[in-house]
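Take a look at the letters that make up each chain.
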Amino acid sequence: MTLKFHNTLTGHLDEFISQTPGQVSLYTCGPTVYDYPHIGNWAAYIYWDILVRTLIANDYNVTRVMNLTDVGHLVSDADEGEDKLEKGARREGKTAWEVAKFYSNVFLEGMNRLGLIMPQYITPATEYIPQQIDMVRTLKAKGVTYQIDDGIYFDTSKFPRYADFAHLDLDALQAGARVEFNPQKRNPSDFALWKFTPNGEKRDMEWEFDGRMGFPGWHIECSAMALAHLGKTLDIHTGGIDHIPVHHTNEIAQSETANGVRFSNYWMHNNFLKVDGSKFSKSLGNGYTLDNLEAKGYSLLDFRMFLLQGHYKSESNFTFDNLTSARNRLNNWRNIATLRHQIHDTLQDDNEKGNDDKSISLYATSQAIIEAVNNDLGTPEALKIIDDAFSKIVNAKLTNIHRQAFVQLIETIDAVLGLQLMNTTPDISDDIKRIILERNQARADKDWSKSDKLRDQLLTEGIVIRDTNSEAIWEYKN
Ligand code: AMP
Ligand code: ZN
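Residues numbered from 1 in each chain as written. Chains lettered and ligands numbered in written order. Predicted model: local features only at pLDDT ≥ 70, side-chain atom pairs only at ≥ 80, totals over all residues. Heavy atoms only, no water.

1. Looking at the overall build of the protein chain
If you tally the helices and strands in the protein chain, you get 16 helices and 18 strands. In terms of overall dimensions, the protein chain has a C-alpha envelope of 90 × 50 × 35 Å along the principal axes. Considering the protein chain as a whole, with its 478 residues, one finds that 54% of them fall into the buried category. Taking the intrachain contacts of the protein chain between residues at least 6 apart in sequence as the baseline, contacts between residues at least 24 apart amount to 76%. For the protein chain, the exposed area adds up to about 21,400 Å²; of that, 48% sits on carbon and sulfur atoms. Charged side chains of the protein chain number 50 positive and 66 negative; the gap between the two group centres comes to 2 Å. (Helix = DSSP H or I, 4+ residues; strand = E, 2+ residues; numbered from the N terminus. Buried < 20%, exposed > 50% of the residue type's maximum accessible area, 1.4 Å probe, protein only. Contact = heavy atoms within 4.5 Å. Areas by Shrake-Rupley, 256 points an atom, 1.4 Å probe, with all protein chains shown as cover. Lys, Arg positive; Asp, Glu negative; His and termini not counted. Charge placed at Lys NZ, Arg CZ, Asp CG, Glu CD.)

Here it is as structure tokens:
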């Protein structure tokens, strides 16, 4: 099967070929851990979770690094203003270290709550200071840096391809450079590799480099940590589209100058999630967190379902109405997934049934789902394929469904999309199972009043019983 991704580096949908067969090295730019992530931030990590799942479904062994930016990301991407961690520290009356620890934990817990596959390496920038200093030294030795009052900068005019990745118009950037831009910088696009602690100040987070205290610029951490764990050339590097013109452009300039080879063969960028048609913003009160969604009675899988309805490269719009319809769709899928418990193996002799139309189409559905995501993570298409298959299942007699193919389909949906449909059983306690069986018996005995009573009892437990000609099917109440 061919895998294809839209590659920002070439601007095309490129066939994916890893450097080493069967192995993928993947780097994901992680969060700045100074505040609660909003669901727009989480959207990015859910999209990249689908990328990891797709690679695994294609039998790749994925080695992935994701950084936690816990120092050096300044309020403005142009190396100006306060460090976001120090801002967080002031807001909360804590040290930058305490803030970093707290929000790193919030983030890692969030990854678990969302069922995201954990990267092999989660690397806080503060734990890789020597590696970052090493890279600054290498760049210094190559003559592409210069020192000014507030730090050591990368001279972007020394990297001739600087404008290529993001198709930057450097002349326009020069013309548009504001007066308040650091006048000591040689070019507006030059960026800090290392910043000095201002004279007479003491920062919570600072390290000694060549006899002076300071801290790393934001971009160098990704170049240094990618090198530390994945080597000089990555297979895939991911991030948000906001990273293309500055952060990733700078990572490329640093890494390719220091290492002398291409930094990443594929670059993938997710588009932004909006909320009610506008940007997420604290001041508008729409910076919803995972807790906010749960407090309103939604599950985080509802949110995953909502996101997968859109494509990672398109802008999506979050509204609670959209989230409600995603929840309904997911509940419906869960109901259908539970039908597998009601298909009896005794009715399903694989040898007899293995070649009927139904089973063939369900195995093919699993395949079609993987093909959909193999085509640049086409989750909307994958969801349509599942809807079609599920509506066929609902309209079929259970005895005509090949149980193994059905279970394999649900497992594929879970593996590739992370929707946890297989987990729909543990919700049903043994008590409920017992009541269902008792009711089946009552019906067999034609004891209608007992069977009605048990049905009402199940309803109060959130289980709806649907009697068909051949059997009684239970579902979760929507
Ligand atoms: P930050 O913590 O600000 O560095 O952001 C973490 C990640 O979230 C970055 O990769 C951003 O590209 C991404 N991001 C921020 N806002 C959104 C959004 N509204 N939709 C999708 N991704 C976003
Ligand atoms: Zn990065």
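So, next bit.
2. Some remarks on the sheet that holds strand 9 (residues 151-154)
The strand order 8-9-10-12-11 describes an open sheet built from five strands, whose pairing is antiparallel. Only two strands of the sheet have a single neighbouring strand rather than two, namely strand 8 (145-148) and strand 11 (207-209). Going from strand to strand, the sheet's axes swing by 40° on average, the running direction of each strand aside. Taken together, the four bridges between strand 9 and strand 10 (residues 191-196) define a ladder with antiparallel strand orientation. Bridge pairing in strand 10 places Gly151 opposite Lys195. (Pairing = 2+ DSSP bridges. Axes fitted to C-alpha atoms, helices over the stretch in contact; angles between N-to-C directions.)

3. A look at the coordination of the zinc ion (ligand 2)
Here the zinc ion (ligand 2) is held by the protein donor atoms Cys29 (SG), Cys222 (SG), His247 (NE2) and Glu251 (OE), which lie 2.0 to 2.2 Å from it. The site at the zinc ion (ligand 2) holds four donor atoms, and with the angles between them running 79 to 130°, its shape is irregular. (Donors = N, O, S within 2.8 Å, 3.2 Å for Na, K, Ca; no water. Tetrahedral: all angles 85-135°; square planar, octahedral: opposite > 155°, others 65-115°.)

4. Brief notes about the pairing of strand 14 (residues 264-270)
Across the seven residues of strand 14, seven count as buried, placing the element largely inside the fold. Note: strand 13 (residues 234-240) against strand 14, six bridges, orientation parallel. Opposite His237, over in strand 14, you have Trp267 as the bridge partner. In this fold, strand 13 hands off to helix 7 (residues 244-259), which returns the chain to strand 14; that crossover is right-handed. (Right-handed = clockwise from strand over helix to strand, strands pointing away.)

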